[in-house]
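Analysis of the macromolecular model
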Amino acid sequence: MISYECSQFNTFNAKERYPMPNTEKEKQLAAEASVKFVKDGMVVGLGTGSTAEFMIRQLGEKVANGLSMTGVPSSERTANLAQELGIPLTPLDKVDKLDLYIDGADEIDAQFNMIKGGGGALLREKILAYNSKFNVIIVDSSKKVESLGKFRLPLEVIPLAHKKVVDQLIQLGLNPILRKLDNSEYRTDENNFILDINISGQKNLKDLNTRLLEIPGVVETGLFLDYVNVLILGRAGDVEVTHVNRN
Ligand SMILES: O=C[C@H](O)[C@H](O)[C@H](O)COP(=O)(O)O
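Since we're looking at a predicted model, the values are computed, not measured.

A short note on the sheet that holds strand β14 (residues 230-235)
Across the sheet, 6 strands lie side by side as β3-β2-β4-β7-β14-β15; this open sheet has mixed pairing. In the strand order of this sheet, the two ends are held by β3 (70-73) and β15 (238-243), each with one partner. Pairwise comparison of adjacent strand axes, ignoring direction, gives a mean angle of 20° for this sheet. By the bridge criterion, 3 bridges tie strand β4 (residues 100-103) to strand β7 (residues 135-140) in an arrangement that is parallel. Paired with tyrosine 101 across the bridge in β7 is asparagine 135.

A short note on the confidence of the model for the protein
Here the protein shows a mean pLDDT of 93. Residues at 70 or above account for 91%. Predicted confidence is poor over residues 1-19, with pLDDT under 50, and the contacts of this stretch with residues over four places away or in other chains come to 26 contacts. Reported for the predicted complex are a pTM of 0.91 and an ipTM of 0.98.

A look at helix α2 (residues 50-64)
End to end, α2 covers 21 Å across 15 residues, agreeing with the expected 21 Å (1.5 Å per residue, within 8%). Along α2, the residues that are buried comprise Thr51, Ala52, Glu53, Phe54, Met55, Ile56, Gln58 and Leu59. Close packing links the buried residues of α2 with α1 (23-34), β2 (43-46), α3 (76-84), β4 and β7. Where α2 terminates, the next one or two residues include glycine 66, which has phi positive at roughly 115°.

Here's the deal with the domain arrangement of the protein
What the domain assignment reports for the protein is domain 1 (23-146 + 225-237) and domain 2 (147-222). Measuring from the centre of the C-alpha atoms in domain 1 to the corresponding centre in domain 2 gives 23 Å. Each partner contributes to the interface: domain 1 provides 19 residues, whereas domain 2 provides 18 residues. In terms of residues, the side of domain 1 that touches domain 2 owes the most to one element, helix α4 (residues 122-130), which gives 4 residues. Across the side of domain 1 that touches domain 2, the residue classes break down as 6 nonpolar, 5 polar and 8 charged.

Remarks on the site of the ligand
Among the 18 residues in the neighbourhood of the ligand, the closest are listed as Gly49, Thr51, Gly104, Gly118 and Gly119. By residue number, the principal contributor to the shell around the ligand is α2, which donates 3 residues. Along the lines of polarity and charge, the residues of the shell around the ligand split into 4 nonpolar, 10 polar and 4 charged.

Some words on the nonpolar core
Formed by 57 residues in total, the largest nonpolar core has its most connected members in Ala30, Met55, Ile102, Ile137, Ile138, Leu155 and Leu195. With 5 residues, α2 is the largest single contributor of residues to this core. Setting aside residues no more than four positions away along its own chain, leucine 195 makes contact with Leu155, Val157, His162, Val165, Val166, Leu169, Pro176, Ile177 and Leu178.

Looking at helix α6 (residues 205-213)
Restricting attention to buried positions, one finds in α6 the residues Leu205, Leu208, Asn209 and Leu212. The buried side chains of α6 occupy one side of the element, clustering within an arc of 100° when seen end-on. Counted as exposed and oriented over 90 degrees from the buried face of α6: Lys206, Asp207 and Thr210. Where α6 is buried, its residues contact β8 (153-157), β12 (218-221) and β13 (223-224).

Conventions we followed
- Residues numbered from 1 in each chain as written.
- Predicted model: local features only at pLDDT ≥ 70, side-chain atom pairs only at ≥ 80, totals over all residues.
- Pairing = 2+ DSSP bridges.
- Helix = DSSP H or I, 4+ residues; strand = E, 2+ residues; numbered from the N terminus.
- Axes fitted to C-alpha atoms, helices over the stretch in contact; angles between N-to-C directions.
- pLDDT = per-residue confidence, 0-100.
- Contact = placed C-beta atoms within 7 Å.
- Expected span 1.5 Å × (residues − 1).
- Buried ≥ 20, exposed ≤ 12 C-beta atoms within 10 Å, placed from the backbone.
- Domains from an automatic or database assignment.
- Nonpolar A, V, L, I, M, F, W, Y, C, P; charged D, E, K, R; others polar.
- Near = placed C-beta within 6 Å.
- Core = buried A, V, L, I, M, F, W, Y, C linked by C-beta atoms within 7 Å.
- Arc of directions from axis to C-beta.

Have a look at this one:
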């Protein structure tokens, strides 16, 4: 179980923050709608997390029924699942651009800014989203918020520098918490640590992202600004599909 720990807070489970009975159904519906974007011959980036898992399982069925596609996984967890399901995979450096990237999010605001990385895969996810021609985001209705920040923003940091990064983040008033897994530091697929910070009330997200990336030792942030082409939101037995105009 992934948990957070710091002196002022009790340990808590990040995924229990929005208990909603229809959440799983909404994720499934959003995932079902997203695989309709996948066409024969496409190279498709495969996201990470419980919503992405629904999508990967659907793609697995389609591949079993004759769909010809290649996946590029955003995590070891996703790669393992895709392999189990018989989805052909290739590394990112073997392709030019992804035709499509499909993934979930932890929060998405009215301007389609997102927090991602609750599952620890933010770095590879951002690399895939950046190198994709088209990004489809699939969420249940609990993820839609007016402004980001109820969910803590994950930062991937180099272990050697993490205490120095923590000092800087405390000075910025961002209250960092080192992510733990079974009482040890959580490690990403790139063997880094995650610091989860409080960005509630931050108005200028672009500026915040730049300031965070300027701290030596911060590898990447879970702020995904200007990445969404299509948002598919599951809500009460149906989906809302929004095409985002990105200039
Ligand atoms: O690192 C994980 C990813 O950013 C996920 O897309 C995000 O945490 C959402 O996960 P879930 O679909 O399980 O809520």
